[in-house]
Amino acid sequence: MGTALDIKIKRANKVYHAGEVLSGVVVISSKDSVQHQGVSLTMEGTVNLQLSAKSVGVFEAFYNSVKPIQIINSTIEMVKPGKFPSGKTEIPFEFPLHLKGNKVLYETYHGVFVNIQYTLRCDMKRSLLAKDLTKTCEFIVHSAPQKGKFTPSPVDFTITPETLQNVKERALLPKFLLRGHLNSTNCVITQPLTGELVVESSEAAIRSVELQLVRVETCGEGRATRPGACLSPSTATLTFHGCAEGYARDATEIQNIQIADGDVCRGLSVPIYMVFPRLFTCPTLETTNFKVEFEVNIVVLLHPDHLITENFPLKLCRI
Amino acid sequence: MAVFPWHSRNRNYKAEFASCRLEAVPLEFGDYHPLKPITVTESKTKKVNRKGSTSSTSSSSSSSVVDPLSSVLDGTDPLSMFAATADPAALAAAMDSSRRKRDRDDNSVVGSDFEPWTNKRGEILARYTTTEKLSINLFMGSEKGKAGTATLAMSEKVRTRLEELDDFEEGSQKELLNLTQQDYVNRIEELNQSLKDAWASDQKVKALKIVIQCSKLLSDTSVIQFYPSKFVLITDILDTFGKLVYERIFSMCVDSRSVLPDHFSPENANDTAKETCLNWFFKIASIRELIPRFYVEASILKCNKFLSKTGISECLPRLTCMIRGIGDPLVSVYARAYLCRVGMEVAPHLKETLNKNFFDFLLTFKQIHGDTVQNQLVVQGVELPSYLPLYPPAMDWIFQCISYHAPEALLTEMMERCKKLGNNALLLNSVMSAFRAEFIATRSMDFIGMIKECDESGFPKHLLFRSLGLNLALADPPESDRLQILNEAWKVITKLKNPQDYINCAEVWVEYTCKHFTKREVNTVLADVIKHMTPDRAFEDSYPQLQLIIKKVIAHFHDFSVLFSVEKFLPFLDMFQKESVRVEVCKCIMDAFIKHQQEPTKDPVILNALLHVCKTMHDSVNALTLEDEKRMLSYLINGFIKMVSFGRDFEQQLSFYVESRSMFCNLEPVLVQLIHACVAYCFITIPSLAGIFTRLNLYLHSGQVALANQCLSQADAFFKAAISLVPEVPKMINIDGKMRPSESFLLEFLCNFFSTLLIVPDHPEHGVLFLVRELLNVIQDYTWEDNSDEKIRIYTCVLHLLSAMSQETYLYHIDKVDSNDSLYGGDSKFLAENNKLCETVMAQILEHLKTLAKDEALKRQSSLGLSFFNSILAHGDLRNNKLNQLSVNLWHLAQRHGCADTRTMVKTLEYIKKQSKQPDMTHLTELALRLPLQTRT
């Protein structure tokens, strides 16, 4: 009792890139001296895939989780068995972020069905009587800036009752004309999504306009036949293979940002502005085993109860 | 000749007095006595006082009499009345002061000529109130029930950490309904407190949730009349939050190295601080709803300083654009006001944003008259004329921020833009209340034109004229336009039907009139006010405004003769019929008079009017008037009395005093002042009289009066004057056509004078008994008749006086005047001085007796000797051997040449023997034995 283990990563934002050296200290603090059987540090990076109940059924989803894909896993021994003096002991470490073979260091991403996570784990083995101590700490990996020039891809859009698909009774819809543009659907993940929306006219009062950020996650069902053979994000725009058959594709909301509240002034542009949340977004990713893509919905709510959605696929990248 | 020391006999005046009096025989209860008061003995059953027994002093009847004190205090006691009338403004002001302290350092960025928000705060809270029930709807649970997200095609709504942000306390949803305004304010204050608590206990996420929930309340426009106040309350919380976050991040930079300077650059901030800051911004950027996201981000705008130099200047335009998404025009204008407020505080140099806010506002201005708003008003049952006045606080603030140190060109442009928008009254009003007064004043004619043209559309015109008037009170319009402005404005004002509207407007314009025009115009204006306010006693509801009018008039008319020649001024005063207000007004007038009247006046108009005013003040004094109030009133009335002077016309001056006395009898300081004045009058009048004894006696009397009124220095002056007059007394005076010697009159006067001098306290700067000494000198130098003993008789009297003066307690006193007995308290030095004087006087007497040893004077010697003997007997302490011996010698002297009257001698001896039976007088027995009676042979 009374012995605490802690990992302090040097960078305040805990962000590292491939090839960099992850450094920090392991802090052992205790009132008394601590006898131990060795302290080791493990760096681990995994992709966890989860099948959604919608695609495969509840039970399967529960039992049939796909085996996690390991990206990186290495251990170093920090201290040989011995004894720590009482008080605070800091043991510095440096861990190079090198990958074996042609594996790719995906960006950290926390999704629903896809999770890419990197952790640093410190284990202190102790004698039979005392419990082993473990401390885990997440660090964040950003992929290297993509090569090549970033080209914005602006999109103009117009929404009227006529442009809508999937309408039950078009005649019942109030008349409206919305115009707008997104400055680019190719987005730099550190920059906000921007654009403008103008309500040119609308018979019905507007209740709300929202931006819905959606993630589309696709998991290949246990078909990781060629682990590590997936494409790096920089070249992932192209072919689609690996997860062709039996994939589960799920779209879930990440966040919903209201950009207009109430009946906004006609003819006056309302800014479209959304910051991509950290951890929950990553550059668009496509591998043989899974895919992570993003979309944005512009959702317009009209009085009394009309909902209009316009969908725009996004491509996120890091430069 | 041997010097005889004097020893005064200690006198017990009370006992002596008692021994001389007839014995009082107590009257038996049943005995008849014609002067006995009628006593009413009351039995319990009889409750009514018997008629005709009004002279009754019976105490038993008091039970049926209403206690006068309790009847006055009937109803609410003054303290709880104060509490009841303490209006929200006062409360707000109290809250303000504490807040102001906190905000002070931030305002330093902007010049002190910028009216800070804190000034507006109280006004808004006091003005925008409601009696309707309010509700706080804190959606502290998840928002699954909300239409926006629920209807999405997603079948599975997975709760992420982000969404949890919207939870206040896990899964709870609180809706507080039916709150009164006060409850609401309390509740908000509670939230403010719990924000601080959460912050202090390191629950940053909870703090953020509270702030989000609070700012969400600002999107709720139900009970719209209360919205401005709600804005004030909630932005207070936001300010608190902004400050907390900023200070926290700032402190993270501090503990790394030394203290961060006030104007630091982002490089100075350390990584941890930056990361924390960035975290806040990411969290806030993910707030779902627009209004909370806007407000919370605006509240921590200052934190951008940690991240980048250009952060604030990039953020402000973005936030400005963001407001465009707010559909409700009222909500959006207040959001703009908040952004301007934060902007002015954090980066006052970024004017562009302010302008953009203004122009955006103009673009959305038409929405006020749009359907959505109209529908909402119908639902809430609010009329347009009460809806539009909800805008000015926010608009004024935005306009004020923009116009602060703004170039003329910008203001002109703004005005033009406003004009283009159908010249709306609401805009015009804000322009006038926010722009520099000089700017408005130079264009007053334009403004009047615009006001006349503009369509009222629910915003009353009189408010516009009021705003214009306020500007004109501060800055002067061009000379040539002045009269026309007044005419145009008053033409509209005078047509206002509602007395409240009228007086609010008129009150403002009175100042302009007073400033630029003569009494003729002011008179017209006052007449108009009277005309409007008199019907239905409308003035009763408008005392504050009427009071302001008086104050303004007084402030501009320092010449009171002009002021009172304004015919309608006094009729105007008559409108103040509630006594407390009336007295207040009177006080103002007198205050101004004392301040501005430079020279004494005798102008009958002023006197008449001010006497009336003073009488009003005086008549308000009653048993319950506080001392302080009385002091104040007295000060004012005295100030007036002092300023009245008829020059050499003393008669009129005196009659003025007489009149004043009859008017101001309830205020003691005033009476004292009057007595001072009268005493002064006496002092200057007496020398003009011819009769020397009249003069002497008048001096004495005036001195006594002055003394009786505690005017000590005046009394001294009188007595000195009398003393210096004594040498001028001629030997012979003309009485009823015959010349007579004056000595006996002088003796009479001096004796009278001595008895007054007993109680005159010594002047602290003069020597002991200086008046007596001076008088003795005068008597010494006076040329007496050769063959008279008057001088010696006077000396004897002086001896009596001095003996009386050496007593522990004097024979008589004047109320409230401390005589020498209490001043010196029987100090031995004083007594020694006194005795020394006695010795001198005695030596003089004895000297004189010696000169009378010649034949023709023996009779005089005898009688003088006897009189001296009597004096010693009455006043001296005969236990003293020397004195005793002296008295025996005198006794012999009186009888030596057989000149003494035997019967007198016998009686004297009998008296001594009788006296010796008194307890303290036993030594007289021995003395009597030593006094032989000479029998005639």
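Residues numbered from 1 in each chain as written. Chains lettered and ligands numbered in written order. Predicted model: local features only at pLDDT ≥ 70, side-chain atom pairs only at ≥ 80, totals over all residues. Heavy atoms only, no water.

### Topic: the overall build of chain B
Scanning chain B from N- to C-terminus turns up 46 helices and four strands. Buried residues in chain B amount to 49% of all 937 residues. By sequence separation, contacts in chain B at least 24 residues apart represent 72% of the contacts at least 6 residues apart. (Helix = DSSP H or I, 4+ residues; strand = E, 2+ residues; numbered from the N terminus. Buried < 20%, exposed > 50% of the residue type's maximum accessible area, 1.4 Å probe, protein only. Contact = heavy atoms within 4.5 Å.)

### A short note on the overall build of chain A
Of regular secondary structure, chain A possesses two helices and 21 strands. Looking at the 319 residues of chain A, the share that counts as buried comes to 50%.

### What about the pattern of salt bridges?
Residue and element names in this part refer to chain B. Per the stated rule, a full pass over the model turns up 31 salt bridges over all chains. In this structure, K356 and D360 form a salt bridge, with 3.6 Å as the shortest nitrogen-oxygen distance. Residue K356 and its partner D360 are located together in helix α16 (residues 351-364), separated by four residues, close to a single helical turn. Of the residues examined, K356 reaches a relative accessible area of 30% and is grouped as partly exposed. Judged by its relative accessible area of 2%, D360 is buried. One salt bridge in this structure joins E584 and K587, with 3.4 Å as the shortest N-O distance. Highlighted residues: E584 and K587, both in helix α31 (residues 579-596), separated by three residues, approximately one helical turn. Since its relative accessible area comes to 12%, K587 is described here as buried. (Salt bridge = Lys/Arg side-chain N within 4 Å of Asp/Glu carboxyl O.)

### Side note on the interface of chain A and chain B
Quite often, the size of an interface is put as the accessible area lost when its parts meet. Each partner contributes to the interface: chain A provides 38 residues, whereas chain B provides 39 residues. For the pair chain A and chain B, the number of links is two salt bridges. Viewed at the interface, chain B and chain A are joined by 12 residue pairs in polar contact (both at pLDDT 80 or more). For the side of chain A that touches chain B, the secondary-structure elements that each account for two or more residues are β16 (206-219), β17 (248-261), β18 (269-274) and β20 (290-302) of chain A. With 11 residues, the top contributor of residues to the side of chain A that touches chain B is β17 of chain A. (Polar contact = N/O pair within 3.5 Å; in protein donor to acceptor, adjacent residues only side chain to side chain.)

### Things to note about the confidence of the model for chain B
Residue and element names in this part refer to chain B. On average, chain B scores 77 in pLDDT, and the residues at 70 or more come to 83%. The secondary structure element of chain B with the lowest average pLDDT is helix α6 (residues 147-150), at 35, and the one with the highest is helix α12 (residues 290-299), at 92. Low pLDDT, under 50, characterises residues 41-108; the stretch is placed with 40 contacts to residues that sit more than four places away or in other chains. For the stretch residues 140-173, pLDDT sits under 50, and the model shows 69 contacts to residues farther than four places along the chain or on other chains. Two summary scores accompany this predicted model of the complex, namely pTM at 0.63 and ipTM at 0.87. (pLDDT = per-residue confidence, 0-100.)

### Examining the pairing of strand β4 (residues 738-741) of chain B
A regular strand carries its side chains on alternate faces of the sheet. Residue and element names in this part refer to chain B. Relative to β4, strand β3 (residues 732-735) runs antiparallel, the two sharing four bridges. Its bridge partner being in β4, I735 is matched across the sheet by K738. Between β3 and β4, which pair antiparallel one after the other, the connecting turn spans two residues, and D736 there sits at a positive phi close to 50 degrees. (Pairing = 2+ DSSP bridges.)

### What to know about the nonpolar core
Residues and elements named next belong to chain B. Within the largest apolar cluster, 203 residues are counted, with the highest numbers of intra-cluster contacts made by Y387, W509, V529, L546, I589 and F640. Element by element, the count of residues in this core is highest for helix α10 (residues 227-254), at 15 residues. Apart from residues no more than four positions distant in its own chain, I589 is found in contact with I550, I554, F560, F564, F569, L573, L610 and V613. Counting 89 residues, the second-largest nonpolar core is a separate cluster that includes A706, L725, L776 and F868. (Core = buried A, V, L, I, M, F, W, Y, C linked by side-chain atoms within 4.5 Å.)

### What to know about the packing of aromatic side chains
Residue and element names in this part refer to chain B. Scanning all chains against the criterion turns up 43 aromatic pairs over all chains. Aromatic rings pair up to connect W117, Y227, F231, F294, Y295, Y334, Y338 and W397 into one cluster. In this arrangement the basic side chain of K204 is found over the ring face of W199, its NZ or CZ atom lying 5.0 Å from the centre. Directly above the ring of W280 sits K283, whose terminal nitrogen or CZ lies 5.6 Å from the centroid. (Phe/Tyr/Trp six-rings, centres within 6.5 Å; stacked < 30°, edge-to-face > 60°. Lys NZ or Arg CZ within 6 Å of the ring centre and 35° of its normal.)

### Focus: the environment of T442 of chain B
Residues and elements named next belong to chain B. In this structure, T442 sits in helix α22 (residues 437-442). The exposure class assigned to T442 is partly exposed, which follows from its relative accessible area of 46%. Measuring from C-alpha to C-alpha, the distance between T442 and P477 comes to 4.9 Å, with 35 residues separating the pair along the chain. Polar contacts involving the side chain of T442 include one to the main-chain carbonyl oxygen of F439, which spans 3.0 Å.

### Description of the sheet that holds strand β1 (residues 4-9) of chain A
Residues and elements named next belong to chain A. Taken in spatial order, the three strands line up as β1-β3-β8 in an open sheet, and their pairing is antiparallel. Each end of this open sheet is capped by a strand with a single partner; those strands are β1 and β8 (87-96). Across the sheet, the mean angle from the axis of one strand to that of its neighbour is 20 degrees, orientation sign disregarded. Sheet topology places strand β3 (residues 21-30) next to β8; 10 bridges connect them, and they run antiparallel. Looking at the pairing, V21 lines up with P96 of β8. (Axes fitted to C-alpha atoms, helices over the stretch in contact; angles between N-to-C directions.)

### Overview of the pairing of β1 of chain A
Residues and elements named next belong to chain A. Alternating positions in β1 separate cleanly, L5, I7 and I9 being buried on one face and A4, D6 and K8 remaining unburied on the opposite face. Examined bridge by bridge, β1 and β3 share six bridges and lie antiparallel to one another. Paired with K8 across the strands is V25, a residue of β3.

### So, the side chain of T3 of chain A
All names here are of chain A. For T3, the position within the fold is in the segment before β1. Residue classification places T3 among the buried positions, given a relative accessible area of 16%. Apart from the residues lying within four places of it in its own chain, the contact partners of T3 are I28, S29, S30, V34, R126 and L133.

### Here's the deal with unusual backbone geometry
Excluding glycine, a negative phi dihedral is what most residues carry, and trans is how most peptide bonds are arranged. Following H303 of chain A, the chain continues to P304 of chain A via a peptide bond in cis, the omega torsion being -5 degrees. Following the sequence through the fold, P304 of chain A ends up in the loop between β20 and β21 (306-317). Phi at D536 of chain B takes a positive value of approximately 60 degrees, unusual for a residue other than glycine. Note that D536 of chain B resides in the loop between α27 (519-533) and α28 (543-556). The residue L769 of chain B is not glycine, and still its phi comes out positive at about 55 degrees.

### Here we look at the sheet that holds strand β15 (residues 193-202) of chain A
Residues and elements named next belong to chain A. Taken in spatial order, the four strands make up an open sheet running β12-β13-β15-β18, and their pairing is antiparallel. One side of each edge strand has no neighbouring strand; the edge strands of this open sheet are β12 (155-159) and β18. The sheet shows a mean angle of 20 degrees between the axes of neighbouring strands, direction not considered. When strand β13 (residues 176-182) meets β15, the two strands line up antiparallel, connected through seven bridges. The partner of F176 across the bridge, within β15, is S202.

### What about the state of the cysteines?
What the rule picks out here adds up to zero disulfides over all chains. Free of any disulfide, C797 of chain B has its nearest neighbouring cysteine sulfur in C751 of chain B, separated by 3.5 Å. (Disulfide = S-S within 2.5 Å.)

### As for the environment of E267 of chain B
With respect to the secondary-structure elements, E267 of chain B resides in the loop between α10 and α11 (271-285). Separated by 41 residues in sequence, E267 of chain B and S308 of chain B have C-alpha atoms that sit 8.3 Å apart.

### Details of the confidence of the model for chain A
In the predicted model, chain A carries a mean pLDDT of 82, and 86% of its residues have values of at least 70. The model gives residues 222-245 of chain A a pLDDT under 50, and that stretch makes 35 contacts with residues more than four places away or in other chains.

### Some thoughts on helix α8 (residues 181-200) of chain B
In this model α8 of chain B runs 29 Å from its N-terminal to its C-terminal C-alpha over 20 residues, within 8% of the 28 Å that 1.5 Å per residue would give. One or two steps after α8 of chain B, the chain reaches D202 of chain B, where phi turns positive at roughly 65 degrees. (Expected span 1.5 Å × (residues − 1).)

### Considering the packing of helix α9 (residues 204-217) of chain B against α12 of chain B
Residue and element names in this part refer to chain B. The geometry of α9 relative to α12 is characterised by a closest axis approach of 8 Å and an angle of 120 degrees between their N-to-C directions. One way to sum up the angle between α9 and α12 is to call them oblique. Crossing angle aside, the handedness with which α9 passes α12 is right-handed. Packed against α9, whose contacting residues are L208, V211, I212, S215 and K216, the element α12 presents I291, P292, Y295 and V296 at the interface. In terms of residue class, the contact of α9 with α12 is built from seven nonpolar, one polar and one charged. (Parallel < 35°, antiparallel > 145°, perpendicular 65-115°, else oblique. Left-handed = near helix turned anticlockwise from the far one by under 90°. Nonpolar A, V, L, I, M, F, W, Y, C, P; charged D, E, K, R; others polar.)

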